[in-house]
Amino acid sequence: MAIKTLIIGACGQIGTELTLALREKHGNENVIASDIREGSKSLMSSGPFEVLDATNYKAIEDIVLHYEVEEVYLMAAMLSATAEKFPMRGWELNMNSLFNVLNLAKDKKVSKVFWPSSIAVFGPSTPKFDTPQTTVMEPTTVYGISKQTGERWCEYYFNKYGVDVRSIRYPGLISYKTMPGGGTTDYAVEIYHEALKEGKYTSFLSEETALPMMFMDDAIKATTSLMETNADNLTIRSSYNLGGISFTPKKLAASIQKEIPDFKIDYAPDFRQPIADSWPSSIDDSQAQKDWNWKHEYDIDKMTKTMLAGLRSE
Ligand code: AKB
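Residues numbered from 1 in each chain as written. Predicted model: local features only at pLDDT ≥ 70, side-chain atom pairs only at ≥ 80, totals over all residues. Heavy atoms only, no water.

Re the sheet that holds strand β1 (residues 5-8)
Reasoning step 1: Judged by pairing direction, the sheet is parallel, and its seven strands sit side by side in the order β3-β2-β1-β4-β5-β6-β10 without closing on themselves. One side of each edge strand has no neighbouring strand; the edge strands of this open sheet are β3 (49-51) and β10 (240-241).
Reasoning step 2: In this structure, strand β6 (residues 165-170) lies alongside β10, joined through two bridges in parallel fashion. Residue pairing across strands places I168 opposite Y240, the latter belonging to β10.
Reasoning step 3: Each of β1, β2 (31-35), β4 (71-74) and β6 touches helix α1 (residues 13-26); the most contacted strand, β2, lies at about 165° to it.
Reasoning step 4: Packing of helix α5 (residues 87-106) onto the sheet brings it into contact with β1, β4, β5 (112-118) and β6, and relative to β4 it is tilted by some 170°. (Pairing = 2+ DSSP bridges. Helix = DSSP H or I, 4+ residues; strand = E, 2+ residues; numbered from the N terminus. Contact = heavy atoms within 4.5 Å. Axes fitted to C-alpha atoms, helices over the stretch in contact; angles between N-to-C directions.)

Written out as structure tokens, the structure is:
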């Protein structure tokens, strides 16, 4: 049966592809896209769109009641690099928007909520390789602190009020349909654009900086699978670790050179380097595998081929 869904932050990197995937699944008219400003043509023309400020509870409630929304995906957030520049704005956006949707669910106005967490919940004292689901978490960025706090609140609302909230700790996401903005992992998207345009790229992370990453199709599949899983199977109500691939800028450049042999890379680490250094290099997602059969499909070379083909066809 079609589920009436609201995506808040639908014009961002994940929101755009999530909206299109959910429209495909549930029918265009059943998936309401919303964002603080208008987005891409494909998103605006394929179904309902509302301009919506994620920090305005009343505005969200009005849309939920008007369209009889059952499920909300809250994708609006300020990412790691931007939030270091505007700490209070980052905190306010990331926390107030989460409380708004959790409270809507608590008051039974919607029945299910998806909220994205991030590998940024981990910090320098966390085990760096195969980071476990449950471990030391001492994030050192504003974004990481907001995501870790958000996880605690999600679990609290589940335990205390029975709110059906589900979440994934996304790694860096790579896609060609919409650019990311303000993240530390953004280099892994920019590099493909520059490889095609200029044949070279200057990475803002050092050559040996390994981070957990994932191709967008896998991330969308993970998100919809988690939301479709029977609630009884879920053992984590804070946020699920999600693995995928782990690579350095040097390894990614080597993958691109298999397709574009003349591609050149150099390195000029900036303020984002210490953020990346504080995060894990790879993630253990065995709990997600166990609870909802999670398995990623894309390795680094399959991702490179798909990215280049996608960008060339635009
Ligand atoms: C960022 O770099 O801030 C995000 C993330 C890892 O959550 N892509």
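What to know about the UniProt feature "domain: NAD-dependent epimerase/dehydratase" (unreviewed entry) in the protein
Reasoning step 1: UniProt tags residues 6-243 as "domain: NAD-dependent epimerase/dehydratase" (unreviewed entry).
Reasoning step 2: Regarding residues 6-243, the helix share stands at 42% and the strand share at 18%, and the terminal C-alpha atoms are separated by 27 Å. (UniProt positions renumbered as here; feature names shortened; annotations may be inferred.)

Regarding the sheet that holds strand β11 (residues 245-247)
Reasoning step 1: Strand order across the open sheet formed by three strands is β7-β9-β11, with mixed pairing between neighbours. What marks the edges here is a single partner per strand, and that holds for β7 (172-174) and β11. Strand-to-strand twist of the sheet, defined as the mean angle between neighbouring strand axes without regard to direction, takes the value 45°.
Reasoning step 2: Relative to β11, strand β9 (residues 211-215) is paired through three bridges, and the arrangement is antiparallel. Each bridged residue has a counterpart across the sheet, and for L211 the counterpart in β11 is F247.

Thoughts on the pairing of β1
Reasoning step 1: A two-sided burial pattern is seen for β1, the buried positions comprising T5 and I7 on one face and L6 and I8 on the other.
Reasoning step 2: As defined by bridge partners, β1 adjoins β2 across four bridges and the pair is classed as parallel. Opposite I7, over in β2, you have A33 as the bridge partner.
Reasoning step 3: For the crossover from β1 across α1 to β2, the handedness is right-handed.
Reasoning step 4: With four bridges joining them, β1 and β4 adopt parallel strand pairing. Bridge pairing links I8 to L74 in β4. (Buried < 20%, exposed > 50% of the residue type's maximum accessible area, 1.4 Å probe, protein only. Right-handed = clockwise from strand over helix to strand, strands pointing away.)

Focus on the site of the ligand
Reasoning step 1: The local shell around the ligand consists of L79, S80, S118, I119, Y143, G183, T184, T185 and W279.
Reasoning step 2: The backbone of T184 places a nitrogen or oxygen atom 2.7 Å from an oxygen atom of the ligand.
Reasoning step 3: In isolation the ligand offers 250 Å² of accessible surface; the protein chains occlude 93% of this area.
Reasoning step 4: Most atoms of the ligand, that is more than half of them, are within 2 Å of grid points of the largest pocket.
Reasoning step 5: Considering only residue class, the shell around the ligand consists of four nonpolar, five polar and no charged. (Near = heavy atom within 4 Å. Polar contact = N/O pair within 3.5 Å; in protein donor to acceptor, adjacent residues only side chain to side chain. Areas by Shrake-Rupley, 256 points an atom, 1.4 Å probe, with all protein chains shown as cover. 1 Å grid on protein atoms, 1.4 Å probe; cavity = no way out; pocket = protein on both sides within 12 Å on 5 of 7 lines; lining within 4 Å. Sits in = over half its atoms within 2 Å of the grid points. Nonpolar A, V, L, I, M, F, W, Y, C, P; charged D, E, K, R; others polar.)

Remarks on helix α7 (residues 187-197)
Reasoning step 1: Taken as a whole, α7 has its buried residues at Y187, A188, V189, I191, Y192 and A195.
Reasoning step 2: Of the residues one or two after α7, G199 is the one with positive phi, at around 75°.

Observations regarding a nonpolar patch on the surface
Reasoning step 1: Among the surface-exposed residues, M88, W91 and I145 lie close enough to one another that they form a single nonpolar patch of about 280 Å² accessible area.
Reasoning step 2: Tracing the backbone shows M88 in helix α5. (Patch = residues over 30% accessible without salt bridge, like charges linked within 9 Å, V, L, I, M, F, W, Y side chains within 5 Å. Salt bridge = Lys/Arg side-chain N within 4 Å of Asp/Glu carboxyl O.)

Quick word on the packing of α5 against helix α6 (residues 142-161)
Reasoning step 1: Contact pair α5 / α6: the axes reach a minimum separation of 10 Å and the direction vectors enclose 15°. Relative to α6, the element α5 lies roughly parallel. Relative to α6, the crossing made by α5 is right-handed. Judged by residue contacts, P87, W91, N94, M95, L98, F99, L102, N103 and K106 of α5 engage V142, Y143, I145, S146, T149, G150, W153, C154, Y157 and Y161 from α6. (Parallel < 35°, antiparallel > 145°, perpendicular 65-115°, else oblique. Left-handed = near helix turned anticlockwise from the far one by under 90°.)

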